[in-house]
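Coordinate analysis (summary)
So the chains spell out like this:
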Amino acid sequence: MSHDPMRCHEAFVRLDDYLDRELSPDETQRVGEHLETCALCAREFVFEEAVIHDLRDKLRRIAAPEGLMSRISARLQEEEPPAQ
């Protein structure tokens, strides 16, 4: 499929979804191609990727308050539709 090269603004507004792997295969390819050719957008991508990585790393080290998981589980069971 042939398409026009993505512009910086288009790539920039899609970076979060690109990082979260929430774009269509075509959009993923287009953003990736843009990042390969645009140093400015590639630098922003590396920065955002590092922020997300650091945040995930810090969140893994935070213990959930006691009983949180059981409260979440109970709440989810309350909201499940009855089996038919």
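Now for a description of the structure that goes with this document. Counting restarts for each chain, with residues numbered from 1 along the sequence as it is written. Per-residue local features of the predicted model are confined to residues with pLDDT of at least 70, and side-chain atom pairs are confined, for both listing and counting, to 80 or more; whole-chain, interface and lining totals are unaffected and use all residues. Water and hydrogen atoms play no part in the side-chain values, which are based on all heavy atoms of the structure.

We now examine the side chain of histidine 34. Position of histidine 34 among the secondary structure elements: in helix α2 (residues 25-37). Only protein chains enter the accessibility calculation, which uses a 1.4 Å probe; a residue whose area is less than 20% of its type maximum is buried, one above 50% is exposed, and one in between is partly exposed. The buried category is assigned to histidine 34, whose relative accessible area is 8%. When checking whether two residues touch, look at their non-hydrogen atoms; a contact exists if any pair is within 4.5 Å. Beyond its immediate sequence surroundings of up to four residues, histidine 34 is in contact with Met6, Arg7, Cys8, Ala11 and Cys41. Here a strand is any run of E in DSSP of at least two residues, a helix any run of H or I of at least four, and the numbering for each starts at the N terminus.

Another aspect to go through is α2. One less than the residue count of a helix, multiplied by 1.5 Å, gives the span that helix is expected to have. Along its 13 residues, α2 runs 19 Å from first to last C-alpha, staying within 8% of the 18 Å computed at 1.5 Å per residue. On the buried face of α2, the contacting elements are α1 (8-19) and α3 (39-60).

The subject of this paragraph is the packing of α2 against α3. Note on definitions: angles span 0 to 180 degrees between N-to-C directions of axes, and those axes are lines fitted to C-alpha atoms, for helices only across the stretch in contact. For the pair α2 and α3, interaxial distance at closest approach is 6 Å and the crossing angle is 110 degrees. When the axes of α2 and α3 are compared, the pair comes out roughly perpendicular. Our pair here, α2 against α3, has a crossing hand that is left-handed. Along the contact surface, α2 presents His34, Leu35 and Thr37, while α3 presents Ala39, Cys41, Ala42 and Phe45. Amino acids are sorted into nonpolar (Ala, Val, Leu, Ile, Met, Phe, Trp, Tyr, Cys and Pro), charged (Asp, Glu, Lys and Arg) and polar (every other residue, Gly among them). When the residues that make up the contact of α2 with α3 are grouped by side-chain class, the tally is 5 nonpolar, 2 polar and no charged. Working definition: roughly parallel below 35 degrees, roughly antiparallel above 145 degrees, roughly perpendicular at 65 to 115 degrees, and oblique for all remaining angles. Note on convention: near helix rotated counterclockwise from far helix by under a right angle means a left-handed crossing. Clockwise means right-handed.

What follows covers unusual backbone geometry. Although it is not a glycine, arginine 21 adopts a positive phi angle of roughly 55 degrees. Relative to the assigned elements, arginine 21 resides in the loop between α1 and α2. Taking relative accessible area as the criterion, arginine 21 reaches 77% and is therefore assigned exposed.

Together, Asp16, Asp17, Asp20 and Glu22 make up a negatively charged patch on the protein surface. With respect to the element layout, aspartate 16 can be found in helix α1. Like charges are joined within 9 Å and nonpolar side chains (Val, Leu, Ile, Met, Phe, Trp, Tyr) within 5 Å, but only among residues with over 30% relative accessible area and no salt bridge; these make up the patches. The accessible surface values rely on the Shrake-Rupley method and a 1.4 Å probe; as for residues, cover is taken only from the protein chains in view. Throughout this description, the term salt bridge denotes a Lys or Arg side-chain nitrogen within 4 Å of a carboxyl oxygen of Asp or Glu. Only four residue types enter the tally: Lys and Arg on the positive side, Asp and Glu on the negative side, with His and both chain ends excluded. To locate a charge, the coordinates of NZ of Lys, CZ of Arg, CG of Asp or CD of Glu are taken.

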